[in-house]
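The primary structure of each chain is shown beneath.
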2 protein chains.
Amino acid sequence: MPMTVSAPIARLVDLEDSDQDAFCSTIRSRRRISARDDVFKEGFASRYISLILSGWAYRYKQLEDGRQQILGFLLPGDLTEASPVNGYLLDHSVGALTDLICADISHEALATVCLSRPAIQKALAGEALAMSSIQREWLMSLGQRTGTERLGHLLCELYWRLGRIGSVQAETFTLPATQGDLAAALGLSTVHVCRKFAELRELGLVQTSWKKVHICDVAQLQALSCFRPDYLYFSEALTGGHGWAAHGPGRPPAHEDDIFSRSNVPRCRRLRSELEAADFSLLRELGRSGTSHCGAGYSVPGAILKAYCQSALNCRMAALSGCFGRNEASTIKI
Amino acid sequence: MPMTVSAPIARLVDLEDSDQDAFCSTIRSRRRISARDDVFKEGFASRYISLILSGWAYRYKQLEDGRQQILGFLLPGDLTEASPVNGYLLDHSVGALTDLICADISHEALATVCLSRPAIQKALAGEALAMSSIQREWLMSLGQRTGTERLGHLLCELYWRLGRIGSVQAETFTLPATQGDLAAALGLSTVHVCRKFAELRELGLVQTSWKKVHICDVAQLQALSCFRPDYLYFSEALTGGHGWAAHGPGRPPAHEDDIFSRSNVPRCRRLRSELEAADFSLLRELGRSGTSHCGAGYSVPGAILKAYCQSALNCRMAALSGCFGRNEASTIKI
DNA sequence: CGCCCCTTTGAACACGCTCAATAACGGTGG
DNA sequence: CCACCGTTATTGAGCGTGTTCAAAGGGGCG
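Residues numbered from 1 in each chain as written. Chains lettered and ligands numbered in written order. Predicted model: local features only at pLDDT ≥ 70, side-chain atom pairs only at ≥ 80, totals over all residues. Heavy atoms only, no water.

**Q** Hey, could you run me through the overall build of chain A in this one?
**A** If you tally the helices and strands in chain A, you get 15 helices and 13 strands. The buried share among the 334 residues of chain A stands at 55%. At a minimum sequence separation of 6, the contacts of chain A that also span at least 24 residues come to 71%. Counting only carbon and sulfur atoms, one obtains 54% of the accessible surface of chain A, whose full area is about 13900 Å². (Helix = DSSP H or I, 4+ residues; strand = E, 2+ residues; numbered from the N terminus. Buried < 20%, exposed > 50% of the residue type's maximum accessible area, 1.4 Å probe, protein only. Contact = heavy atoms within 4.5 Å. Areas by Shrake-Rupley, 256 points an atom, 1.4 Å probe, with all protein chains shown as cover.)

**Q** Just checking my understanding: could you explain the pattern of salt bridges for this structure?
**A** For side chains of opposite charge, pairing can occur when their charged atoms come near one another. If you walk through the whole model with that rule in mind, you get 28 salt bridges over all chains. For Glu149(B), the salt bridge identified is with Arg67(A), shortest N-O distance 3.0 Å. Here Glu149(B), found in helix H5 (residues 147–164), pairs with Arg67(A), found in the loop between strand S4 (57–62) and strand S5 (68–74), and the two come from separate chains. What you see here is one network of salt bridges that share partners, running through Lys61(A), Asp91(A), Arg136(B), Glu137(B) and Arg145(B). (Salt bridge = Lys/Arg side-chain N within 4 Å of Asp/Glu carboxyl O.)

**Q** Please clarify how unusual backbone geometry should be interpreted in this entry.
**A** At Ala170(A), a residue that is not glycine, the phi angle is positive and equals roughly 55°. Relative to the assigned elements, Ala170(A) resides in the loop between helix H5 (147–164) and strand S8 (172–174).

**Q** Can you help me understand the interface of chain A and chain B in this one?
**A** Residue-level contacts link 37 residues of chain A with 37 residues of chain B. Of the roughly 3500 Å² buried between chain A and chain B, counting both surfaces, carbon and sulfur atoms make up 60%. Taken as a group, Arg136(A), Leu139(A) and Gln144(A) account for 20% of the area that chain A buries against chain B, more than any other trio of residues on that side. Counting the contacts that link chain A with chain B gives six salt bridges. (Buried area = accessible area lost by both parts, 1.4 Å probe.)

**Q** I tried to follow the pairing of strand S9 (residues 206–209) of chain A on my own but got confused; where do I start?
**A** Two faces make up the sheet, and in a regular strand the side chains alternate between them. The pairing of S9(A) with strand S10 (residues 212–215) of chain A spans four bridges and is classified as antiparallel. Opposite Thr208(A), over in S10(A), you have Val213(A) as the bridge partner. (Pairing = 2+ DSSP bridges.)

**Q** Can you walk me through the domain arrangement of chain A in this structure?
**A** As a measure of interface size, the accessible area lost when the parts come together is often cited. Residues and elements named next belong to chain A. Taken as a whole, chain A is organised into domain 1 (2–117), domain 2 (145–243) and domain 3 (258–332). Contact residues are listed per partner, giving 15 residues for domain 1 and 16 residues for domain 2. Buried surface at the junction of domain 1 and domain 2, summed over both partners, amounts to about 1300 Å²; 61% is from carbon and sulfur atoms. At the boundary of domain 1 with domain 2, the tally comes to two salt bridges. A salt bridge links Arg161 to Asp78; the shortest N-O distance between them is 2.6 Å. In this assembly, domain 1 and domain 2 are joined by six residue pairs in polar contact (both at pLDDT 80 or more). (Domains from an automatic or database assignment. Polar contact = N/O pair within 3.5 Å; in protein donor to acceptor, adjacent residues only side chain to side chain.)

**Q** How should the nonpolar core be read in this particular structure?
**A** Nonpolar side chains tend to gather and get buried jointly when the protein is soluble and globular. In this structure, Phe73(A), Leu155(A), Phe73(B) and Leu155(B) are the most contacted members of the largest nonpolar core, which totals 86 residues. Apart from the residues lying within four places of it in its own chain, the contact partners of Phe73(B) are Trp56(B), Ala57(B), Tyr58(B), Asp78(B), Leu97(B), Trp138(B), Leu154(B), Leu158(B), Arg161(B), Ala177(B), Leu182(B) and Ala185(B). (Core = buried A, V, L, I, M, F, W, Y, C linked by side-chain atoms within 4.5 Å.)

**Q** Any chance you could explain the environment of Glu157(B) here in plain terms?
**A** All names here are of chain B. Here Glu157 is to be found in helix H5. For the pair formed by Glu157 and Ile134, sequence separation is 23 residues and the distance between their alpha carbons is 8.8 Å. Not counting chain neighbours up to four residues away, the residues in contact with Glu157 comprise Ile134, Trp138, Phe227, Tyr231 and Leu232. Of the polar contacts made by the side chain of Glu157, one reaches the side chain of Arg161; its length is 2.8 Å.

**Q** Teacher, can you tell me more about the sheet that holds strand S8 (residues 172–174) of chain B here?
**A** Across a sheet, strands are paired by hydrogen bonds formed along the backbone, either parallel or antiparallel in direction. Residues and elements named next belong to chain B. Pairing is antiparallel in the open sheet, where three strands are placed in the order S8-S10-S9. With partners counted over all chains shown, the strands left at the sheet margins are S8 and strand S9 (206–209), one partner each. Taking each pair of neighbouring strands and ignoring which way they run, the sheet shows an average axis angle of 20°. When S8 meets strand S10 (residues 212–215), the two strands line up antiparallel, connected through three bridges. Note that in S10 the partner of Thr174 across the bridge is Lys212. Here H5 sits on the sheet and contacts S8, S9 and S10; the angle it forms with S8, its principal contact strand, is near 90°. (Axes fitted to C-alpha atoms, helices over the stretch in contact; angles between N-to-C directions.)

**Q** What's the story with the sheet that holds strand S7 (residues 100–106) of chain A in this structure? I'm lost.
**A** All names here are of chain A. One open sheet holds the three strands; their spatial order is S1-S7-S3, and the pairing between them is antiparallel. Edge strands, defined here as strands with exactly one partner in the open sheet, are strand S1 (27–33) and strand S3 (48–54). Pairs of neighbouring strands in the sheet enclose a mean axial angle of 30°, with direction left out of account. One ladder, built from six bridges, connects S1 with S7; its direction is antiparallel. The residue bridging Ile27 from the neighbouring strand is Ile105, located in S7. Sheet contacts for helix H3 (residues 107–116): S3 and S7; angle to S7, the most-contacted strand, approximately 65°.

**Q** It is not clear to me how H3(A) should be interpreted in this structure. Could you clarify?
**A** Given 3.6 residues per turn, any residue in an α-helix points the same way as the ones three and four places further on. Residues and elements named next belong to chain A. What H3 keeps buried is the set His107, Leu110, Val113 and Cys114. What you see down the axis of H3 is that its buried residues fit within an arc of 130°, all on one side. With respect to the buried face of H3, the exposed residues turned more than 90 degrees away are Thr112, Leu115 and Ser116. Summarising the contacts, the buried residues of H3 are in contact with helix H2 (17–24), S3, S7 and helix H4 (118–144). (Arc of directions from axis to C-beta.)

**Q** I'm lost on the pairing of strand S7 (residues 100–106) of chain B in this one. Help?
**A** Residues and elements named next belong to chain B. Of all seven residues that make up S7, seven are buried, and the element is covered over most of its length. What you see with S7 is no split at all: Leu100, Cys102, Asp104 and Ser106 on one side and Ile101, Ala103 and Ile105 on the other are buried throughout. Where strand S3 (residues 48–54) lies against S7, six bridges are found, and the strand directions are antiparallel. Directly across from Ile49, in S7, lies its bridge partner Ile105.

**Q** Is there a simple way to explain the relation of the copies chain A and chain B in this structure?
**A** Each of the two chain copies can be generated from the other by rotation about an axis followed by a shift along it. Superposition of chain A onto chain B requires a rotation of 180° combined with a translation of 0.0 Å along the rotation axis, giving an RMSD of 0.0 Å. Such a combination of rotation and displacement between the chain copies is what one expects of a two-fold axis. Interface residue correspondence from chain A to chain B reaches 100%, placing this contact among same-surface, isologous pairings. (Least-squares fit on C-alpha atoms with pLDDT ≥ 70 in both.)

**Q** I keep staring at the packing of aromatic side chains and nothing clicks. Help me out?
**A** Given two aromatic rings, one states the distance between the centres and the angle between the planes to describe the pair. According to the stated counting rule, one finds 12 aromatic pairs over all chains in the structure shown. A ring pair is formed by Tyr88(A) and Tyr233(B), whose centres lie 6.0 Å apart and whose planes are at 75°; its orientation type is edge-to-face. Here the residue Tyr88(A) occupies a position in the loop between S5 and strand S6 (93–96), and Tyr233(B) occupies one in the loop between helix H8 (218–224) and helix H9 (235–238), the pair thus bridging two chains. Using a relative accessible area of 14% as the deciding quantity, one classes Tyr88(A) as buried. (Phe/Tyr/Trp six-rings, centres within 6.5 Å; stacked < 30°, edge-to-face > 60°.)

**Q** What exactly am I supposed to notice about the environment of His153(A) here?
**A** Residues and elements named next belong to chain A. Secondary-structure assignment places His153 in helix H5. Since its relative accessible area comes to 2%, His153 is described here as buried. Spatially, the C-alpha atoms of His153 and Arg136 are 13 Å apart, while their sequence positions differ by 17 residues.

**Q** Please explain the packing of helix H6 (residues 179–186) of chain B against helix H7 (residues 190–202) of chain B as it appears in this structure.
**A** Two numbers describe a pair of packed helices, the interaxial angle and the distance between the axes. Residue and element names in this part refer to chain B. Contact geometry for H6 and H7: axes closest at 8 Å, N-to-C directions at 100°. By the criterion of interaxial angle, the relationship of H6 to H7 is roughly perpendicular. Mapping the contact onto sequence places Gln179, Gly180, Leu182, Ala183 and Leu186 in H6 and Thr190, Val193, Cys194 and Phe197 in H7. Taken together, the residues that form the contact of H6 with H7 break down as six nonpolar, three polar and no charged. (Parallel < 35°, antiparallel > 145°, perpendicular 65-115°, else oblique. Nonpolar A, V, L, I, M, F, W, Y, C, P; charged D, E, K, R; others polar.)

Set out below in structure tokens:
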């Protein structure tokens, strides 16, 4: 079966090729879902399990009066459910945070494969364990952690989970969730999430720009949030790996074939607003100054700028590195 | 295998006799655990699953600085885990809220039985589903519900779950958790739980006395708490049964062979403090007044008093009905 | 009888919320 | 290239829910 399917699941569960093939054979069809549409709706009977191939989704529940709680985020490679039980009524909905592509797996096919492939059965049980564990950690957050800790903890969780699937570069990742979404997840108001983001920024722990989050000091952010990666059940975490180092260089870069690429298009205005006078003098050294179509600015070879950003000499600019297109050879105009 | 084992599991999962026997054959040993001791400790490898035979337990997690969050309550008939995955490190602890008796089940034996008994496999999957669903509902509570709603919702959850196993009589159940425990579960302070209990009492929705909770108006309490029993995955709930009526008369009374019986010993002082002048005149009609060993008081045949209380003519006294010993023939001295 | 745990109550305070206004940004159509 | 629109982010002020600290009372249990 197609590469694009086996890639996400391979990252998640360490299956052999033959098991991966068996798993992929259970896929019935693929769906493309628009951002903010529902993948599954509460109250409906569960008819199949979906594997997220690209994009983000979120589990949520709603009260009659409209209050909404996000119960967890689903990243590429995640399953909407981890046990092939057919027909029960869903107690929560799953919505698409971004446009997304997912593969639908019938319960029956998966159950059958589980019988002949104990490795898959075990992988699913492990998935269920991890999902459940993350839910418990969220309970811990909502019940005991302060606003700052909650936000920091969520960022750490996403940092690790995204790192696992190769979607963190230079300590920076894309966060398609709005502050309103984060508020619904953290049990806070939108305004408060904004303030807590500002606090983390002032502490020098994170930097944000246009749906990108840069973690300046992972260790310190984790300490502040009482975050310990054990509960995610990553082998890297258990063997003492720490942060980026554990999933960095060795892995292939993320295969961004989803809608994220849309927000990767560099926008002149956005980039320029992030830069200060000091940065422009540095840029002048890197490239050749000139006048771009965005007005007065600088044309810098993408590869050079990217290398410069990733050197992390300038922390704030590193946060921008994710904004550049994948084609490093092209010239970036700023 | 012994009745005392099959009874709780039979209530939980609707298994045939032969399946129940198979399930019971997986039980390795029984343990007796003192209140506030741990059944399982976070960080240790999972070596077996425990079935609670009597008493209450609770899942919890702790932060380094001591903050503690209760993640859920385990009632008689509940399993500490619902998937026979061996050897992973536990991400949370399970503590004994009361003295408790539990049966230990080895992962291997259970996994083997699951292969030959699909009904058991399915029952376990259903258990996992229900546990997970309750966790999600708790996330909803902690994230979105106000203090009053949270407390009300928890009481409703316990009312239904206890009713399912026959531990609710006359809309009244034993609640061994202290207000401090409830606070740790609801993400509130002990003081606030106390105040919210007072609020529910003033609203005439519940009544409390010595570890007993009486729900005066289930429907109204559920409405106040945005509680809908669907998520518990009880067939009674799904078929439209409502409250006590669904699990009442037909079922055998709870077999209270646990430490709850300790708090069932009627204490003169306690009972008398709950009564008012009007009650004493009623008591005089029911029994014969006299002088008990607790000072001036009344001797009332237990059966008569119990019947009186259960008639629910006097709501407040109904709350006391659970305080009487099981031997209805004996005379209660008040 | 005395100790200790649990509950209850009061007062001051803080975290987080609501309301409201403004700014920033992306997308769209002219 | 620009103006406009809807969404998202930011900031301020006032307020309310829930917290902390402290003290007193009730009840079980040794």
